[in-house]
Structure formats: structure tokens, C-alpha cells
Amino acid sequence: MKTKILAASAALTASLAFATPAFAQDETASVGAEPYVGATIGYHDIGVGIDGDDGMIYGAVAGVDFPVGDTFFVGGEANYNLGDGVIDNEYGIAARIGAKVGGGTKLYVKGGYQEVDFDLATILGGNPPPGVDDSDGDYIVGVGADIGLGSAPVSLRLNADTIGFDSTRLTAGVLFNF
């Protein structure tokens, strides 16, 4: 698991490092990084078919998008969430591709990797046997919208995704764009 955290951190660091030179460009440049950070809240149903296999998640997201022409963009982001119910915490990285549709709004699809640390005591109704791994990870795919608020550097995020087509995650949040 530590290797996965290290890999996620390295990917985010690399994406921000590539974005740094773009900050030095003037505003007339056709290609520049569009970094953002934000806070999210959501609902995650892990889909194991037991009563109470869902919970709320509360977290943060950070990423950077790169314009491809006037309409399209590609980017990457990392997220970390604390959970209640059956989820202790979760974290992951994803690539995004999408389109700007006006007014600072972006529609996107994303794909990446998400690791989930479960609260096995809640799932099993008691303490798990010693040495049982309480985490699992898989690919994540999703869709969403970052809805611009006029000229303000703030966007509202709406996102729906699934981890390995086994779970359902719905999140909403506020992004601060730089």
C-alpha cells in the first residue's frame, strides 16, 4: 500500500512539475496549465450487497488541466477522502479529457486508479481476524462537470464514478482555479 501512495504522490508531483513552466508564460500563450484545488463531499456505495455497505466521504482534490486547442483539454488529478460507515479513507489518481462548453464550464470523462481502506469491523460486525488486509484498489472511471461561476475563479464540481464497476461514487464540491 505504501508503494501505491508513493506512486500516486509521484504522479501528482510530476504533473505539477510539468505545469510550473506554464505559469511563466504570458496570457497570450495558446497553451498554459489550468491548476485547481478543491473540497468535496459525497456518497460511496461499495456494492457488496449487505445492509450498510455505503457511507459519506469528505475530501480534497487537486489537479491540472492543459488546453488542447480552444475547446478541448487533458489533465490529471489526485484525490483523498475520509469516510464514515464502511470506508475509513480512499485516495487515487486519474487522467481527465474533456471539453470547455462556455462560461468556464468543463465537461469531462476520467479514468485512473483508486485505493479504498475499509472499516472491516463495521462490515463484519466485529473485529476482523489479525493480519486481514483492509484495503483494495482497482481502476476508476467516471464523468463530471466543473461548472464555472462567471468570472470568479471558483467552480462547482459534480462527479459520478465507479471503481471496477463494483461501486457507485457521487461527489459534489467547490474548486478554486488558478
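Just above sits the structure.
Thresholds, definitions, all that
- Residues numbered from 1 in each chain as written.
- Predicted model: local features only at pLDDT ≥ 70, side-chain atom pairs only at ≥ 80, totals over all residues.
- Heavy atoms only, no water.
- Helix = DSSP H or I, 4+ residues; strand = E, 2+ residues; numbered from the N terminus.
- Polar contact = N/O pair within 3.5 Å; in protein donor to acceptor, adjacent residues only side chain to side chain.
- 1 Å grid on protein atoms, 1.4 Å probe; cavity = no way out; pocket = protein on both sides within 12 Å on 5 of 7 lines; lining within 4 Å.
- Points joined across faces, edges and corners; volume = space filled by probe spheres on them.
- Nonpolar A, V, L, I, M, F, W, Y, C, P; charged D, E, K, R; others polar.

**Notes on the side chain of Arg169**
Then, in step 1: Assignment of secondary structure puts Arg169 in strand 8 (residues 168-177).
Then, in step 2: Separated by 2.2 Å, the side chains of Arg169 and Glu90 make a polar contact.

**What to know about empty space enclosed by the protein**
Unoccupied space between atoms shows up once a probe the size of one water molecule is rolled over them.
Then, in step 1: For the coordinates displayed, the defined rule picks out 1 cavity of 30 Å³ or more.
Then, in step 2: The computed volume of the largest cavity comes to approximately 90 Å³.
Then, in step 3: If you trace the largest cavity, you find it lined by Thr40, Ala60, Val61, Glu77, Asn79, Asn81, Lys110, Arg157, Asn159, Arg169 and Thr171.
Then, in step 4: Elements with a contribution of two residues or more to the lining of the largest cavity: strand 2 (54-68), strand 3 (72-83), strand 7 (154-163) and strand 8.
Then, in step 5: Counting residues per element, the lining of the largest cavity draws most heavily on strand 3, which supplies 3 residues.

**A look at the layout of surface pockets**
Then, in step 1: The calculated volume of the second largest pocket comes to roughly 190 Å³.
Then, in step 2: If you trace the second largest pocket, you find it lined by His44, Ile46, Val48, Val116, Phe118, Asp136, Gly137, Asp138, Ile163, Asp166 and Ser167.
Then, in step 3: Elements that contribute at least two residues to the lining of the second largest pocket include exactly strand 5 (105-118) and strand 6 (135-148).
Then, in step 4: Of the residues assigned to the lining of the second largest pocket, the class counts are 5 nonpolar, 3 polar and 3 charged.

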